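Coordinate analysis (summary)
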Amino acid sequence: MGTQQVYLHMFCLCHCIIKRIIRMKNKVIYLLFLLLCTVFTSCKQKGEYAAIPSKKIPEVVDYNFDVRPILSDKCFACHGPDVNKRAEDLRLDTPEGAYKALKDRKNEFAIVPNNLEKSVLYQKITAKDSTELMPPLDSNLKLSSYEIKILKKWIEQGASYEPHWAFMAVDKPKLPELKNADWANNEIDYFILQKLEDIGLTPNQKADKERLLKRVSLDITGLPPSPEMQKRFIQDDAANAYEKIVDELLASDHYGEKMASHWLDVARYADSHGFQNDQLRTMWPWRDWVIYAFNENYSYEKFVTYQLAGDLVPQKNMETILATGFNRNHKINQEAGIIEEEFRVENVTDRTNTFGKAFLGLTLECAKCHDHKYDPISQKDYFSTFAFFDRMPPRQNKGEVLAEAPFITISDEVVEKELPFINKKEEEDVDVMVIEERPDVRTTHILNRGVYDDVGEEVRANTPKSVLEFDDSSYERNRLGLTKWLFDAKNPLTSRVFVNRMWQEIFGAGIVKSSGDFGMQGDLPTNVHLLNWLSADFMENGWDMKHMIKKIVMSATYKQSSVISKDKLAIDPENKYLSRMSRLRFNAEMVRDHALATSGLLNPEIGGRSVKVYQPDGLWEAASSGRGVLANYVQDHGKDLYRRGIYILIKRTTLPPVQLTFDAATRDQCEVQRQSTMTPLQALITLNDPTILESARVFSEKLMQEDNSVSAKIEKAFNTIVGRTIKPQEKEMLLSYYNDQESAFMKETERAKAFIDVGEFPASKNRDVVKVAALMQIIHTIYNLEETIVKS
Amino acid sequence: MEKEIFEHHLNTNRRHFLGKMALGFGGVALGSLLMPDLLSGKKVAENQLPLGLKHFAAKAKRIILLVQNGAPSQLESFDYKPKLNDMFGQDLPPSVRGDQKLTGMTAGQKSFPLVGSKFGFKQYGNAGTWVSDLFPNIAKITDDICVIKSMHTDAINHDPALTFMQTGAQVGNRPSIGSWFSYGLGSENKNLPAYCVLLSKGKGNGQGVYSKLWSNGFLDSSHQGVQLSASEDPILYLNNPNGMDSKTRRTMLDHLASLNQLGYEEFGDPEIPAKIKQYEMAYRMQTAVPEITDVSKEPDHIKKMYGPDCMVPGTYAANCLLARKLSESGVRFVQLYHQGWDQHSNLVGEMQGQAKDVDMASAALITDLKQRGLLDETLVIWSGEFGRTNYCQGKLTKDNYGRDHHPRCFSIFMAGGGVKSGISYGKTDELGYNITENPVHIHDLHATIMHLMGLDHEKLTYKHLGRRFRLTDVHGHVVNDILA
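Residues numbered from 1 in each chain as written. Chains lettered and ligands numbered in written order. Predicted model: local features only at pLDDT ≥ 70, side-chain atom pairs only at ≥ 80, totals over all residues.

Focus on the overall build of chain B
- Regarding its fold elements, chain B presents 13 helices and 17 strands.
- Considering chain B as a whole, with its 484 residues, one finds that 60% of them fall into the buried category. (Helix = DSSP H or I, 4+ residues; strand = E, 2+ residues; numbered from the N terminus. Buried ≥ 20, exposed ≤ 12 C-beta atoms within 10 Å, placed from the backbone.)

Right, here's the structure in full:
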């Protein structure tokens with residue numbers, strides 16, 4: 001009780017001060033204040049990683065949580081794993097290194113556990129003499145007094161080391177005991193609620209049904225719910241009404257498209273080769289497979305195994321080989337006169353780095369030129385992993401071709417007999433690049449400094465043993481063996497990394513925020529037990545992706561409303577601990593798909609060749625070298641204009657402008673996390689992009705054909721677009737706005753005509769130009785509402 | 001709180017904006033126009049905000065980078081090598097070439113016949129700067145520029161070399177130099193992006209450009225270069241749709257703001273007022289940008305100085321004039337790309353055309369800035385991505401030849417912004433193959449540019465995936481010799 005009173009008191013105090021500070025408009029002070037708040041409201045226990053941004057020195061200093069981030073950030077660059085950059089032969093990332101006698105000084109030691117006086121490290125970090133001080137001045141690094149205190153206490157308490165949390169096998173935790181577990185819907189909620197109890201927050205109310213439906217529909221299918229589904233769900237009072245909806249959405253073919261939009265970033269999928277001439281490529285049948293595999297709910301293990309080693313699996317067939325296109329999605333330099341070996345190495349590097357980032361959540365690429373400075377991955381480890389991807393036949397095709405060997409040819413017959421999920425409409429065959437193993441084609445060597453022609457020691461295919469030893473008795477030393485290693489239950493990363501990303505796609509941020517870096521320099525998990533539980537559950541359920549997503553969206557955590565109280569904004573502004581649902585802006589694809597779907601323009605076709613939709617004139621022409629079929633932009637017409645965002649043709653050197661502005665990935669390299677920014681350029685798009693305007697026009701025409709009042713039309717448009725019932729005040733505003741617009745357009749019918757003359761979708765018959773224009777203006781305003789493109 | 005936030009919209013804001021217009025552009029630095037809102041609950045990390053801090057006194061406030069895309073030959077521009085004319089057709093001595101790798105285009109060549117410039121060279125200005133006859137206007141301003149003949153780079157192919165020049169790395173996922181400045185210094189103008197990009201094309205053999213060259217990389221996308229185009233929409237989607245005038249748009253934004261305000265009352269999400277603000281900024285850009293990009297009102301003597309092309313949108317000359325206007329209005333970093341400099345063959349014919357495209361306008365830009373008293377605070381850089389070989393690629397005739405890519409040396413020039421003027425810096429050997437004096441690596445150039453802008457290239461860092469990244473990676477030395 002006492003503690004709670006303290007919290008209450010703190011909150012009241014916080015409020016007054018925050019109000020004053022906000023009036024001062026001083027963000028910096030505000031932030032400092034937030035930090036201060038958390039000092040008082042936190043109490044961390046040992047083993048709780050990154051629980052609360054505490055500045056209080058803990059009773060028991062934890063190596064992983066308190067010490068290692070400091071050492072890693074401030075010391076390891078010179079006293080870490082990289083042997084080439086190691087100063088004074090001292091390494092602080094291992095106990096052996098830290099406890100051993102210093103170079104040339106037999107009786108002196110960097111760290112003597114429990115003995116501060118004898119620990120040279122402590123003398124150095126507190127030295128008054130700037131020539132003695134560590135880190136040295138010219139490193140531009142500095143330890144804060146808090147950090148010095150932590151290191152001091154750590155040494156006093158025995159300076160014990162622990163393995164990095166993410167490199168320890170997943171150990172399924174027990175559910176925490178809670179004071180009151182009524183709120184919890186499933187296991188996720190136990191872990192969330194425990195954390196909230198720690199910091200003195202309570203969960204939000206459940207979101208209203210309309211908003212919950214919009215959220216879950218977008219999260220599972222990437223599309224807003226149809227008015228019919230809205231109505232059905234609102235009227236369904238059954239206890240399992242929500243679960244029925246979840247199951248229905250998971251069974252929709254649009255689920256595969258939504259999942260694919262993230263996977264295409266991971267796989268750096270594009271429709272051009274990149275580099276100077278940036279020619280067209282035809283990898284889209286591989287993309288159709290991805291959608292199919294998600295919809296079939298392939299286990300994550302099968303899904304990944306096919307992509308990394310579909311040419312080596314015992315059940316090898318056209319489908320498994322097609323899946324290996326994953327590792328041909330990288331850029332290919334078709335510039336004349338390149339040095340072949342340089343770019344061959346570049347491509348193998350890309351596959352290796354993608355493997356590290358996509359599946360292990362590690363920045364393997366840091367170990368290409370030298371031993372990793374922070375993580376226990378040597379340059380030898382890097383090239384040993386590289387060796388798995390180095391067994392490809394030498395490049396044969398040169399010049400500008402759609403697909404370079406090896407590739408498979410997809411004919412109508414192949415589609416019919418073997419790959420029915422490919423949406424192939426063109427008559428000609430389509431070539432798709434794939435992977436082919438040539439075990440004896442070359443030996444792999446360390447490349448000194450990562451330079452392609454500076455060949456060093458020979459290495460054999462192997463994985464970083466700090467993650468998990470590669471067991472020859474269980475796995476073949478090829479890519480198939482590599483996937484077995486990846487999906488070994490003892491592999492500490494595979495499950496954590498993927499579960500974390502599914503979490504990120506739904507909550508906006510992963511439990512480990514740096515979803516591409518689970519290494520020493522990555523963010524610590526905000527709720528490590530939750531992550532461990534989910535990872536274990538994922539593996540126990542056979543890497544079942546739909547199961548995991550259902551688990552997440554069925555939680556009470558997910559179903560919370562996204563209202564932000566001032567307390568919560570002050571205590572947890574980033575919503576790390578999920579005492580509310582985050583309000584998340586739609587991603588690039590959703591912005592488009594939502595406008596098309598709500599207006600009825602959407603062409604729901606799955607898969608097929610990529611399309612060229614409306615785009616401002618001259619973009620490709622201005623930037624291209626003038627060679628090849630992608631030099632000039634030839635827009636598609638008809639139904640192709642209304643395909644979902646994932647089908648928009650991606651020319652790497654000139655990305656689709658709307659997507660780019662809404663933070664779509666560049667597809668240059670593997671990306672696991674998009675930014676979410678807000679810029680005036682986005683406002684210009686929703687205000688002036690013909691896709692949004694055309695959606696407003698077509699929706700307006702449709703509503704004008706209905707026999708009902710203007711008020712009813714506005715209500716219907718609003719409910720469909722925003723996904724909830726319009727409030728009386730909103731209706732009043734929009735109705736009066738409509739009336740103003742109608743009289744304005746009445747006086748200027750030419751302007752009305754010009755306004756509704758947008759997009760290629762045929763105009764409705766006998767339309768009343770003025771009325772259509774006025775309602776279009778209202779609908780366009782609704783499309784621009786903040787809430788419209790937010791999952792709230 | 002609401003009152004504070006909403007001061008950014010409706011009439012108050014319009015008056016505020018008009019007031020600014022009356023005073024001209026160039027308000028107080030308040031961070032990039034495109035910066036995510038400071039009051040946003042989600043975007044509070046310190047490392048995501050433009051720092052607006054300088055490490056030491058800046059000589060330059062703004063940069064105009066004139067990228068000669070495709071790599072113009074140094075041997076026909078600034079690096080005069082008469083010895084090559086003497087040795088016409090003789091093979092490049094292997095001792096000079098050393099271990100230099102060749103591109104696949106000439107690696108198979110049986111011989112490497114040396115070839116000198118078909119164009120004459122003369123000395124100009126107080127320092128006697130050598131300039132070829134292809135650049136008569138640049139020749140006239142040699143007292144205002146610093147020619148560096150000892151540039152070198154790591155890459156031998158266009159894409160990696162251009163990417164290296166732009167981002168300090170050959171791989172394509174790092175922030176562009178302009179993004180680093182937007183991040184480090186923010187914008188001087190609230191109504192224009194901090195980093196603008198302009199494209200043009202010559203008739204010479206071209207290599208494409210690509211948006212990753214002006215990408216923000218791992219920095220916030222608010223630091224992305226904004227491409228201004230020659231079309232009616234100078235910024236993509238800037239213009240109101242047909243049938244929508246500015247008044248109607250204003251009414252719409254006012255309604256939008258009121259509706260969004262209701263949403264804010266319900267959710268308390270600081271992103272909502274931030275969004276209202278973004279719409280208001282978009283609205284301001286709709287007026288500010290066309291005003292800037294309209295060069296038709298420039299006086300005749302200016303039009304004459306830049307040449308007749310400057311009235312043809314999308315040309316290099318028009319872009320130079322636009323660059324001056326943008327820079328003058330406080331755009332931190334303006335970048336031009338002019339394509340067509342990749343003379344593997346027919347160098348003689350193509351280079352004349354390319355030089356004609358850029359000579360007059362490049363010189364005019366520098367003179368124009370000087371006349372306005374802006375050259376001291378504006379750094380202008382004219383550069384390709386690497387140099388070209390001293391030997392002929394393909395068939396060598398008396399009248400024509402081609403040159404392959406050459407990373408070991410190339411020439412650039414800089415002007416204004418705290419750079420010594422009227423000097424040539426660095427030397428190459430008499431065959432123009434290797435540097436013999438004062439080499440300047442791309443990383444050194446970057447370090448020097450940052451220094452001139454008041455930033456320490458070792459201190460402007462951004463922590464991403466566990467590592468502190470710099471434009472200069474772990475390299476780069478400020479070239480003190482060329483600082484004024």
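Now, onward.
Focus on the overall build of chain A
- Scanning chain A from terminus to terminus reveals 33 helices and 8 strands.
- The C-alpha atoms of chain A give a radius of gyration of 29 Å, which matches the 28 Å a tight globule of 792 residues would have.
- For the C-alpha atoms alone, the extent of chain A along its principal axes is close to 95 × 75 × 50 Å.
- The buried share of chain A, reckoned over its 792 residues, is 51%.
- Long-range pairs, those at least 24 residues apart, make up 67% of the contacts in chain A between residues at least 6 apart in sequence. (Rg over C-alpha atoms; globule rule 2.2 N^0.38 Å. Contact = placed C-beta atoms within 7 Å.)

Observations regarding the packing of helix 8 (residues 187-199) of chain A against helix 21 (residues 528-540) of chain A
All names here are of chain A.
- Two elements in contact, helix 8 and helix 21, have axes whose closest approach is 9 Å; the angle formed by their N-to-C orientations is 170 degrees. One finds that helix 8 runs roughly antiparallel with respect to helix 21. On helix 21, the residues that touch Glu-187, Ile-188, Phe-191 and Ile-192 of helix 8 are His-529, Leu-530 and Trp-533.
- The residue makeup of the contact of helix 8 with helix 21, split by class, is 5 nonpolar, 1 polar and 1 charged. (Axes fitted to C-alpha atoms, helices over the stretch in contact; angles between N-to-C directions. Parallel < 35°, antiparallel > 145°, perpendicular 65-115°, else oblique. Nonpolar A, V, L, I, M, F, W, Y, C, P; charged D, E, K, R; others polar.)

Section: unusual backbone geometry
Residue and element names in this part refer to chain A.
- Here Met-134 and Pro-135 are connected by a cis peptide whose omega angle stands at -10 degrees.
- Inspection of the secondary structure puts Pro-135 in the loop between helix 6 (120-125) and helix 7 (145-156).
- In the segment running from Ala-405 into Pro-406, the intervening peptide bond is cis, with an omega of -5 degrees.
- For Pro-406, the location among the structural elements is in the loop between helix 17 (379-388) and strand 3 (407-410).
- Even without glycine at this site, Trp-543 takes up a positive phi of about 55 degrees.
- Its place among the elements puts Trp-543 in the loop between helix 21 and helix 22 (545-553).
- We classify Trp-543 as buried; it has 21 C-beta atoms within 10 Å.
- Its identity as a non-glycine residue notwithstanding, Arg-667 has a phi of 60 degrees, on the positive side.
- With respect to the element layout, Arg-667 can be found in the loop between helix 27 (657-661) and helix 28 (680-688).

Regarding the nonpolar core
- Grouped together as the largest cluster of nonpolar side chains are 314 residues, with contacts concentrated most on A:Val432, B:Cys146, B:Cys320, B:Ala361, B:Val380 and B:Met414.
- Not counting residues up to four positions away in its chain, the partners in contact with B:Ala361 are B:Tyr306, B:Gly307, B:Cys310, B:Tyr316, B:Ala317 and B:Cys320. (Core = buried A, V, L, I, M, F, W, Y, C linked by C-beta atoms within 7 Å.)

So, the interface of chain A and chain B
- Opposite the 82 residues of chain A that make contact, chain B presents 68 residues.
- If one sorts the elements of the side of chain A that touches chain B by residue count, helix 28 of chain A sits on top with 8 residues.
- Here the side of chain A that touches chain B is built from residues that sort into 33 nonpolar, 31 polar and 18 charged.

Description of helix 8 (residues 246-267) of chain B
Residue and element names in this part refer to chain B.
- For helix 8, which comprises 22 residues, the first-to-last C-alpha distance of 31 Å matches the rise-based estimate of 32 Å (1.5 Å per residue) to within 8%.
- Residues of helix 8 that are buried include every one of Met-252, Leu-253, His-255, Leu-256, Ala-257, Leu-259, Asn-260, Gly-263, Tyr-264 and Phe-267, and no others.
- Note on helix 8: the residue one or two positions beyond its end, Gly-268, has a positive phi of about 65 degrees. (Expected span 1.5 Å × (residues − 1).)

Considering the environment of B:Asn319
- The topology assignment puts B:Asn319 in helix 11 (residues 316-328).
- Sequence separation between B:Asn319 and B:Leu199 is 120 residues; the distance between their C-alpha atoms is 7.6 Å.

Comments concerning helix 31 (residues 728-747) of chain A
- Relative to the 28 Å expected for 20 residues at 1.5 Å per residue, helix 31 of chain A spans 29 Å between its end C-alpha atoms, a close match to the ideal helical length.
- For helix 31 of chain A, the complete set of buried residues consists of A:Glu730, A:Leu734, A:Tyr737, A:Tyr738, A:Gln741 and A:Phe745. Relative to the axis of helix 31 of chain A, the buried residues are bounded by an arc of 110 degrees and lie together on one face. Relative to its buried face, helix 31 of chain A has exposed residues pointing more than 90 degrees away, namely A:Pro728, A:Gln729, A:Glu732, A:Ser736, A:Asn739, A:Ser743 and A:Lys747.
- Of the surrounding secondary structure, the elements contacted by the buried residues of helix 31 of chain A are helix 30 (710-722), helix 32 (749-756) and helix 33 (769-783) of chain A together with helix 8 of chain B. (Arc of directions from axis to C-beta.)

A few points about the environment of B:Ile276
Residues and elements named next belong to chain B.
- Examined against the element boundaries, Ile-276 turns out to sit in helix 9 (residues 271-293).
- By the C-beta count within 10 Å, which is 26 here, Ile-276 ends up buried.
- Between the C-alpha atom of Ile-276 and that of Leu-102, which follows or precedes it by 174 residues, the distance is 55 Å.

Thoughts on the confidence of the model for chain A
- Mean pLDDT over chain A stands at 90; residues scoring 70 or higher make up 93%.
- Overall, residues 1-54 of chain A carries pLDDT values under 50, and its contacts beyond four positions in sequence, including any with other chains, amount to 63 contacts. (pLDDT = per-residue confidence, 0-100.)

Considerations on the pairing of strand 4 (residues 145-152) of chain B
All names here are of chain B.
- The buried count for strand 4 comes to 8 of 8 residues, which makes it a mostly enclosed element.
- Both strand 4 and strand 12 (residues 423-425) contribute to a ladder of 3 bridges, which runs parallel. Residue pairing across strands places Val-147 opposite Ser-424, the latter belonging to strand 12.
- Pairing of strand 4 with strand 15 (residues 440-441), which is carried by 2 bridges, proceeds in the parallel orientation. Bridged to Met-151 within strand 15 is Val-440. (Pairing = 2+ DSSP bridges.)

What about the environment of A:Trp183?
Residues and elements named next belong to chain A.
- Locating Trp-183 in the fold gives a position in the loop between helix 7 and helix 8.
- The exposure class of Trp-183 is partly exposed, given the 17 C-beta atoms found within 10 Å.
- Between the C-alpha atoms of Trp-183 and Ser-555, which are 372 residues apart in sequence, the distance is 9.8 Å.

Here's the deal with the packing of helix 20 (residues 494-507) of chain A against helix 21 of chain A
Residue and element names in this part refer to chain A.
- Look at helix 20 against helix 21: their axes get within 9 Å of each other, and the N-to-C directions meet at 105 degrees. The orientation of helix 20 with respect to helix 21, classified from their angle, is roughly perpendicular. Contact residues: Ser-495, Arg-496, Val-499 and Asn-500 in helix 20; Leu-531, Leu-534, Ser-535, Phe-538 and Met-539 in helix 21.
- Tallied by class, the residues present in the contact of helix 20 with helix 21 amount to 5 nonpolar, 3 polar and 1 charged.

Considerations on the pairing of strand 3 (residues 129-132) of chain B
Residue and element names in this part refer to chain B.
- On strand 3, burial covers both faces: Thr-129 and Val-131 on one face and Trp-130 and Ser-132 on the other are all buried.
- Relative to strand 3, strand 2 (residues 121-124) is paired through 4 bridges, and the arrangement is antiparallel. Within the sheet, the bridge partner assigned to Phe-121 lies in strand 3 and is Ser-132.

Thoughts on the confidence of the model for chain B
- Within chain B, residue pLDDT values average 86, and 88% of them lie at 70 or more.
- Scoring the predicted complex yields pTM 0.81 and, for the interface, ipTM 0.84.

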